[in-house]
Amino acid sequence: MPLEDGDPARPRGRQVNGEVRATPRLRGMEDPSLRGTTAPGGSRTEVMAEGWEPGPALGDGDATLGGAPQRAGQHEEALMTELSELVQKVVKSSSWWERHGVDISILACSFLLLPAGFLCLRSAQAIPFLVGILTLGVVHHTLTVKGSHLASHNALTESKSWGKVWAIFFIELCSAFTVEQATYNHVKIHHGYTNVIGLGDSSTWKLPFLNRYVYMFIAPLAVPILTPLVALDLLRNVEWKAALRTLCCMFLGVYCHYWLLLHVSGFQSPWSALLCMLLTRSLLAHPYIHVNIFQHIGLPMFAADRKPKRIHLMSLGVLNLPRNALLDWSFGHSLISCHVEHHLFPSLSDNMCLKIKPIVSQYLKQKKLPYNEDTYSSRLQLFLQRYEELMVHAPPITELVGIQ
């Protein structure tokens with residue numbers, strides 16, 4: 001979605017309980033690797049580290065401080081290296097079960113629940129029928145969100161060959177999207193340019209022509225329809241072999257779902273089966289949309305040539321939500337309560353992100369870096385109150401000028 005011009009009079013700064021505070025500035029943090037950051041708004045959200053003081057902005061060619069930018073960059077790289085070593089020790093000491101087995105078991109259990117879900121839909125009684133809808137809805141989102149997300153980062157296996165197979169299965173067959181574009185848009189752009197204006201600023205999630213209530217509560221129901229349509233449009237950007245493979249996988253996945261509803265669940269008409277497909281595939285579409293905007297939009301945005309390096313970028317620009325049993329199972333820890341950890345170490349599985357969470361949070365707080373957390377209800381209230389500002393108008397660029 002194209003970004004609109006922002007309001008130049010809008011104050012830039014830290015938001016705590018609805019108030020706007022002074023915006024921190026990072027001096028000399030030019031980084032050729034383009035990753036963006038921001039500081040969240042809303043209650044219980046830490047936006048800036050203690051000890052940050054405003055200072056004059058420096059352009060890329062400003063040499064008045066001599067080696068200060070280089071020293072600052074080296075300090076940030078040292079922080080990231082130190083944190084990476086701590087995490088790597090945990091990863092090396094973890095078993096295969098912890099690194100991959102737990103998440104693979106969740107996905108396997110979801111597959112095993114499929115027969116029960118389709119059979120429950122055969123019942124003429126309301127309760128078993130609703131159980132079938134809930135079962136298939138949760139299974140669908142577990143495979144399409146958790147499975148596709150882990151597969152896109154090759155976090156299900158340490159084999160690149162099997163990683164490609166799982167990516168095709170979860171992203172194309174289950175999710176009706178194309179692997180190449182999903183990986184490029186999510187891994188290369190979103191993770192590579194997090195909150196960088198015009199690149200990884202999550203603007204694709206914005207629909208400025210919709211009002212807040214339609215966007216937040218009605219539009220998500222269209223996700224199962226829009227996803228394959230968007231995928232078909234993106235096929236123009238891939239090779240014909242990949243496009244043909246994607247079309248075959250998309251058709252097979254959708255048709256298998258439709259066929260099972262007719263021949264196993266006993267639906268009598270095509271329209272009733274299609275309606276059931278829409279219902280199950282949109283069951284958790286609301287939290288899916290909400291999670292994608294809550295954890296980045298509303299945080300500070302950066303220009304590609306004026307942003308901090310990785311550790312400050314991710315600690316400023318990513319938000320964790322509280323643990324939730326349903327969303328943890330369906331979406332995975334890395335999309336809910338360990339999103340900061342996931343952006344710092346994207347190749348780790350959901351279970352490993354949960355395991356390193358105490359280490360990452362303690363380290364960031366010890367170094368007086370932001371570790372942003374907020375509740376689902378608080379973020380929902382924030383977006384409803386400031387929808388025009390956050391989802392319609394282009395956000396201002398946050399000027400970071402110096403880490404004290």
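Starting from 1, residues in each chain are numbered consecutively following that chain's sequence as written. The model is predicted, so local features are restricted to residues of pLDDT at least 70 and side-chain atom pairs to those at 80 or more, both for listing and for counting; the totals for chains, interfaces and linings are taken over all residues. Heavy atoms throughout the structure, all of them, feed into the side-chain values; hydrogens and water do not.

## What about the packing of aromatic side chains?
Here is step 1: Aromatic pairing here means that ring centres of Phe, Tyr or Trp (its six-membered ring) are within 6.5 Å. Orientation follows from the plane angle: under 30 degrees is stacked, over 60 is edge-to-face, and everything else is tilted. Applying the stated criterion across every chain yields a total of 13 aromatic pairs.
Here is step 2: Taking 6.3 Å as the distance between ring centres and 45 degrees as the angle between the ring planes, the aromatic pair formed by Tyr 255 and Tyr 258 counts as tilted. Placement of both Tyr 255 and Tyr 258 in helix α8 (residues 240–263) is noted, with a separation of 3 residues, approximately one turn of the helix.
Here is step 3: Through pairs of rings, three or more aromatic residues link up here, namely Phe 111, Trp 162, Trp 166, Phe 169 and Phe 170. Per the convention used, a helix needs a DSSP run of H or I reaching at least four residues, while a strand needs a run of E reaching at least two, with both numbered from the N terminus.

## Thoughts on the pattern of salt bridges
Here is step 1: In the sections that follow, a salt bridge refers to a side-chain nitrogen of Lys or Arg positioned within 4 Å of a carboxyl oxygen of Asp or Glu. What the rule picks out here adds up to 13 salt bridges.
Here is step 2: Arg 99 is paired through a salt bridge with Glu 158; the nearest N and O atoms lie 3.1 Å apart. With Arg 99 in helix α2 (residues 96–120) and Glu 158 in the loop between α3 (126–152) and α4 (160–174), this pair connects stretches of sequence that are 59 residues apart.
Here is step 3: For Glu 158, a relative accessible area of 59% corresponds to the exposed category.
Here is step 4: The salt bridge involving Lys 146 is made with Asp 103; its shortest N-O contact spans 2.7 Å. Here the residue Lys 146 occupies a position in helix α3, and Asp 103 occupies one in helix α2, the gap between them amounting to 43 residues.
Here is step 5: On the basis of relative accessibility, which here comes to 2%, the residue Asp 103 falls in the buried class.
Here is step 6: Within this structure, Lys 164, Glu 172, Glu 180 and Arg 245 form a network of salt bridges that share partners. Here's how the labels work: a residue is buried when its accessible area is under 20% of the maximum for its type, exposed when over 50%, partly exposed in between, all with a 1.4 Å probe on protein chains only.

## Focus: the packing of α2 against helix α14 (residues 350–366)
Here is step 1: Axis definition: a line fit to C-alpha positions, over the contact stretch in the case of helices; interaxial angles, taken between N-to-C directions, run 0 to 180 degrees. The geometry of α2 relative to α14 is characterised by a closest axis approach of 7 Å and an angle of 130 degrees between their N-to-C directions. Between α2 and α14, the angle falls in the class oblique. Here Glu 98, Arg 99, Val 102 and Asp 103 of α2 lie close against α14, whose contacting residues are Asp 350, Asn 351, Met 352 and Lys 355. To sort the angles, those under 35 degrees are grouped as roughly parallel, those over 145 as roughly antiparallel, those from 65 to 115 as roughly perpendicular, and the leftovers as oblique. Note on contacts: a residue pair is in contact if any heavy atoms of the two residues lie within 4.5 Å.

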